[in-house]
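Coordinates in review
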Amino acid sequence: MSSASKNIESVLVENRVFPPDARATEGARISGMAAYDALCKEAEDDFEGFWTRLAKGNLQWTKPFTRTLDESKAPFYEWFGDGELNASANCLDKHIGTPVENKTAIVFEADDGTVTNVTYKELLARVSQFANALKAAGIQKGDRVVIYMPMTVEGVIAMQACARIGATHSVVFGGFSAKALQERIIDAGAVAVITANYQLRGGKELPLKAIVDDGIALGGCESIKTVFVYERTPTAWNRVEGRDKTFTEALKGQGTECAPVPVNAEHPLFILYTSGSTGKPKGVQHATGGYLLWAKLTMDWTFDIKPEDVFWCTADIGWITGHTYVAYGPLAAGATQVVFEGIPTFPHAGRFWQMIEKHKVSVFYTAPTAIRSLIKAAEGDEKVHPKNWDLTSLRILGSVGEPINPEAWMWYHRNIGGERCPIVDTFWQTETGGHVITPLPGATPLVPGSCTLPLPGIMAAIVDETGKDLPNGAGGMLVIKRPWPSMIRTIWNDPERFKKSYFPEEMGGTIYLAGDGAVRSEDRGYFRITGRIDDVLNVSGHRLGTMEIESALVSKTDLVAEAAVVGRPDDVTGEAVCAFVVLKRARPTGEEAKQIANELRNWVAKEIGPIAKPKDIRFGDNLPKTRSGKIMRRLLRSIAKGEEITQDTSTLENPAILEQLSERL
Ligand code: PRX
């Protein structure tokens, strides 16, 4: 039995339960299940009243809203639609004149270990100054700005400055290619790019600005008027006269005060591109009011954040986790947070644990893939085992991005959490804006591998294809039956795709379909996510569309005739990309096959980004197809896993190709 199927089996028989102990419940905002149940009941009894109370209590409105939820244009729901506020004011200005103003907002640890602290007051001044620089470049409310930045204080400042003037940001992860960047610039119609000359990761300098130049040079980016360049390193870079401005140049002469521009609650705060089932990434559009409410609320509910906490979310600002739990949530909550530029394995695989000790981190939030790779490292080298560091500052641990297997959960619980820290296994998506199904640290009894129960007001359920509820124990599709404030508002430029992707007609057209399979446990009704039900892969917590990778492969027209991509389980990355390729020339073998596979990997890295590189590439004379010509993906998934083929293959034109495709390079 492969270790992956062993993992699946152990999830199925999981019956360990870890109730929160007194240290977790005492003083917790939601303390004990009765408190959780009461909030759920409040939401059920008076849905709008519940959200009205929370939106009034957690956000500062420049114009109070009178309408909480407008369903008249469902599924284009509107929240607090006649209210006005500013997201940056709700993260920064609101702390001025309170004890938070001189508190450290960001503890920045650079790749080389250098530490810089920024207080709330300083951050406000720096955000305001950069906001003035954006205005001076002609950027206005409603304009779109692409941010292609490393994990730095400046990255957070860029996002906050856009929010301050009502510009809609679209952050593109620094690992995406020039082509991916170009596509996003064009789709968003961005007027500016904010980038850095280089990013520092693992002791290496990686270019960012040069990739921006390459992306713009691919064409169609005439909307870009300014490229702001943060000089992260003294290394030289190539300047485009008349278009490029360094941060120093842009900030020169700009004041450190900038009045936040009030925007409508539904004003798009940001667009974040993510992979879907078709080739083209979707621009997930989030609104200002509902999103920010969720960022603040989940900091309180899920992380039970306290004034003395040091919060550390290891996600990059290029992903939704880095938006909600780096750029907005911790600031809205007035917390001190660690922002880390580097990677968990540099200069050694104990870096995370060392940083927890050094900064006395109390709430730590990371991805299962990082935990699994650090387990492997710790098991292979005593020197990087977490036991070498004092982790007693920790009180809550979090997990996000993919299912956490019970083995990794137990290791995290024992070796990092010292068996005392609750683990919040938070299920959510780019589209949900923030956590939707998650344990609460002071209330929920934990079961390893389960994201447990929906947050109050989240009407999550498991249904069949027609939208009918399924009983506990039966696997089905995860849906959310009522709208919630931080939900996706639309797909930028593509409202039809929004409706089709998330609100299927067969289910009535108003119920949110998450795209994940799930099952609820018989005893507690706890949710367990079983994985995507569409053609989306989750590699190291990064979302990738199989079609996106297939399009990239077949766009190598001199070489590739046809390609099919599937996922297979991987012990460290969760899933791995496996590509089956038919070339325009004879099927290669031996060294030649290895060399072509490498060429294709590099091609995919160039088209999408290194994260999309197929781990396995197999060559065949053809792909297994049905008589009608449809690729038999299920069969390919079995081959990728190395499973015995039990499906009926009698309809295959050429069964010999199965043998070819099973051959690993
Ligand atoms: O499949 C689910 C998985 O990640 C997908 C969302 O990916 P993305 O939009 O990139 O957002 C990731 C960060 C929130 C989901 O559809 N996923 C996320 N969290 C979990 C999870 N699967 C299982 N358990 C989780 N806690």
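Values in this document were obtained by computation on a predicted structure and should not be read as measured data.

Cut-offs used in this document
Residues numbered from 1 in each chain as written. Predicted model: local features only at pLDDT ≥ 70, side-chain atom pairs only at ≥ 80, totals over all residues. Heavy atoms only, no water. Buried < 20%, exposed > 50% of the residue type's maximum accessible area, 1.4 Å probe, protein only. Helix = DSSP H or I, 4+ residues; strand = E, 2+ residues; numbered from the N terminus. Pairing = 2+ DSSP bridges. Right-handed = clockwise from strand over helix to strand, strands pointing away. Near = heavy atom within 4 Å. Polar contact = N/O pair within 3.5 Å; in protein donor to acceptor, adjacent residues only side chain to side chain. Areas by Shrake-Rupley, 256 points an atom, 1.4 Å probe, with all protein chains shown as cover. Nonpolar A, V, L, I, M, F, W, Y, C, P; charged D, E, K, R; others polar. Phe/Tyr/Trp six-rings, centres within 6.5 Å; stacked < 30°, edge-to-face > 60°. Lys NZ or Arg CZ within 6 Å of the ring centre and 35° of its normal.

The subject of this paragraph is the pairing of strand S6 (residues 144-148). Of all 5 residues making up S6, 5 are buried, and the element is well covered by its neighbours. Every second residue of S6 is oriented toward a common face, with Arg144, Val146 and Tyr148 on one face and Val145 and Ile147 on the other, all of them buried. Two strands pair when backbone bridges link them, and S6 and strand S7 (residues 168-171) are joined in this way by 4 bridges, in the parallel orientation. Residue pairing across strands places Arg144 opposite Thr168, the latter belonging to S7. Between S6 and its parallel partner S7, the chain crosses via helix H7 (residues 153-165), and the hand of that crossover is right-handed. Inspection of the sheet shows S6 paired to strand S8 (residues 192-196) by 4 bridges, in the parallel sense. Of the residues in S8, the one forming a bridge with Ile147 is Ile194.

Near the ligand lie 17 residues; those nearest to it are Thr426, Thr430, Asp516, Arg532 and Arg543. One of the side-chain nitrogen or oxygen atoms of Gln429 is found 3.0 Å away from an oxygen atom of the ligand. Here the ligand loses 95% of its free accessible area of 540 Å² to cover by the protein chains. When the residues that make up the shell around the ligand are grouped by side-chain class, the tally is 6 nonpolar, 6 polar and 5 charged.

This part is about the packing of aromatic side chains. Per the counting criterion, the structure on display carries 39 aromatic pairs. Both rings, one in Trp294 and one in Trp301, keep their centres 6.3 Å apart while their planes meet at 80°; by these two values the pair is edge-to-face. Of the residues examined, Trp301 reaches a relative accessible area of 7% and is grouped as buried. With 4.7 Å between their ring centres and 70° between their planes, Phe303 and Tyr365 make a pair best called edge-to-face. Of the two residues, Phe303 sits in the loop between helix H11 (288-301) and strand S16 (310-313) while Tyr365 sits in strand S18 (residues 363-366), which places them 62 residues apart along the sequence. Neither residue differs from the other here; Phe303 and Tyr365 are each classed as buried. Aromatic rings pair up to connect Phe47, Phe50, Trp51, Trp61, Phe65, Trp79, Phe80, Trp294 and Trp301 into one cluster. Directly above the aromatic system of Phe65 lies the positively charged group of Lys56, at a separation of 5.8 Å from the ring centroid. When the ring centre of Trp603 is taken as origin, the NZ or CZ atom of Lys556, which lies over that ring, is 4.8 Å away.

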